[in-house]
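Descriptive structure summary
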Amino acid sequence: MFSISIIIPVYNEEKTILEILKKINKQKIKDVEFEIIVINDGSNDNTLNILKSNEKYYDKLINRSLSGGKGAAILEGMNSAKGEYFLFQDADLEYDPNEYEKLINPILANKADVVFGSRFQGAEPHRVVYFWHRVGNGFLTLLSNIMTDINLTDMETCYKAFRTEILKSINIKEKRFGFEPEITAKVARMKCRIYEVGISYFGRTYEEGKKIGWKDGVRAIWCILKYNLWKK
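Notes on the structure in this doc start here. (Residues numbered from 1 in each chain as written. Predicted model: local features only at pLDDT ≥ 70, side-chain atom pairs only at ≥ 80, totals over all residues. Heavy atoms only, no water.)

Considerations on the overall build of the chain
Secondary structure assignment for the chain yields eight helices and seven strands. For the chain, whose C-alpha radius of gyration is 17 Å, the value lies close to the compact-globule estimate of 17 Å for 232 residues. C-alpha atoms of the chain, sized along the principal axes, occupy 45 × 40 × 35 Å. A total of 232 residues make up the chain; the buried ones form 54% of that total. Across the chain, the fraction of contacts at a sequence separation of at least 24, relative to all contacts at a separation of at least 6, is 78%. Here the chain displays about 11,200 Å² of accessible surface, and carbon together with sulfur accounts for 53% of that area. Positive and negative side-chain charges of the chain, numbering 35 and 31 respectively, have mean locations separated by a distance of 4 Å. (Helix = DSSP H or I, 4+ residues; strand = E, 2+ residues; numbered from the N terminus. Rg over C-alpha atoms; globule rule 2.2 N^0.38 Å. Buried < 20%, exposed > 50% of the residue type's maximum accessible area, 1.4 Å probe, protein only. Contact = heavy atoms within 4.5 Å. Areas by Shrake-Rupley, 256 points an atom, 1.4 Å probe, with all protein chains shown as cover. Lys, Arg positive; Asp, Glu negative; His and termini not counted. Charge placed at Lys NZ, Arg CZ, Asp CG, Glu CD.)

Structure, rendered in structure tokens:
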């Protein structure tokens, strides 16, 4: 039996948090048991009340009184997790838990140490939203690939799965969305066996609650340079 800790950072997702938890609970994979850890990152809407009223859908709730960012929430969830493997899940329905099996199969088959779920690879459906976001994602992935000498198609993806010993050996410093380029740089430097699988993507608009902005893109550029050139 394999144990997988699903880490779910949540900030102001009252409209989607219960639905994503229900979707996760429907996942049944042979010889796999899930540990579901939700980190409420200082939400100021009704997210926390919804979580407290639906405890049957998760194993552990970590409540942060103040928002510290996605990276900080993930790190706190990791520190309390017990699974042999880690998988990250956003709470906004952009990523589909039905694809967990596809994502973790290369690790369970002992072919990979890290798996990235690519929104831009394969034949799965994805919602057409913002042109400049796609250009930005492409640029950040290209810059990251130049620095790491690996050929990812989607460095900024939420869906990443890890062997626990790999992830817990990394000193994670980024508190917000800089977590993605930081972790990519560090697993590449460790010479991990990295795989990509194509996934679907149901992106949302800013009106629907999308949070990442141009400042996060600038920070990502800095993080790509920082964690590849200075290797900290």
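Description of the pairing of strand β2 (residues 32-41)
By the criterion of burial, β2 is predominantly enclosed, with nine of the 10 residues buried. In this sheet, β2 lies alongside strand β1 (residues 2-10) in parallel orientation, the contact comprising nine bridges. Its bridge partner being in β2, Ser3 is matched across the sheet by Glu33. As a crossover connection, the stretch from β1 through helix α1 (residues 17-25) into β2 is right-handed. For β2 and strand β3 (residues 60-64), the ladder comprises five bridges, and the chain directions are parallel. Following the sheet pairing, Asn40 is matched in β3 by Asn63. Traced from β2 through helix α2 (residues 47-52) to β3, the parallel crossover comes out right-handed. (Pairing = 2+ DSSP bridges. Right-handed = clockwise from strand over helix to strand, strands pointing away.)

Things to note about the pattern of salt bridges
Taken as a whole and judged by the stated rule, the model has 11 salt bridges. Across the pair Arg219 and Glu174 runs a salt bridge, and its minimum N-O distance is 2.9 Å. Separated by 45 residues along the polypeptide, Arg219 in helix α8 (residues 214-230) and Glu174 in the loop between α6 (164-168) and α7 (179-189) bring together distant segments of the chain. Through salt bridges with shared partners, a single network forms among Lys70, Asp90, Lys160 and Glu180. (Salt bridge = Lys/Arg side-chain N within 4 Å of Asp/Glu carboxyl O.)

Observations regarding a nonpolar patch on the surface
Taken together, the side chains of Phe131, Trp132 and Val135 make up a nonpolar region of the molecular surface, amounting to roughly 380 Å² of accessible area. Relative to the helices and strands, Trp132 resides in helix α5 (residues 131-148). Exposure remark for Trp132: the relative accessible area of 65% places this residue in the exposed category. (Patch = residues over 30% accessible without salt bridge, like charges linked within 9 Å, V, L, I, M, F, W, Y side chains within 5 Å.)

Examining the nonpolar core
Core analysis: the biggest nonpolar cluster contains 33 residues, and Ile8, Leu21 and Ile36 have the highest contact counts within it. Residue assignment for this core shows that the elements contributing at least two residues are β1, α1, β2, α2, β4 (85-88) and α4 (100-108). Contact partners of Ile8, with chain neighbours within four places excluded, come to Leu21, Ile24, Ile36, Ile37, Val38, Ile39, Gln89, Asp90 and Ala91. If you look at the next biggest cluster of nonpolar residues, it comprises 27 residues, including Ile62, Met78, Leu140 and Ile183. (Core = buried A, V, L, I, M, F, W, Y, C linked by side-chain atoms within 4.5 Å.)

Let's talk about the environment of Val218
Relative to the elements of secondary structure, Val218 occurs in helix α8. Judged by its relative accessible area of 47%, Val218 falls in the partly exposed class. Along the chain, Val218 and Leu140 lie 78 residues apart, while their C-alpha atoms are 9.6 Å from each other.

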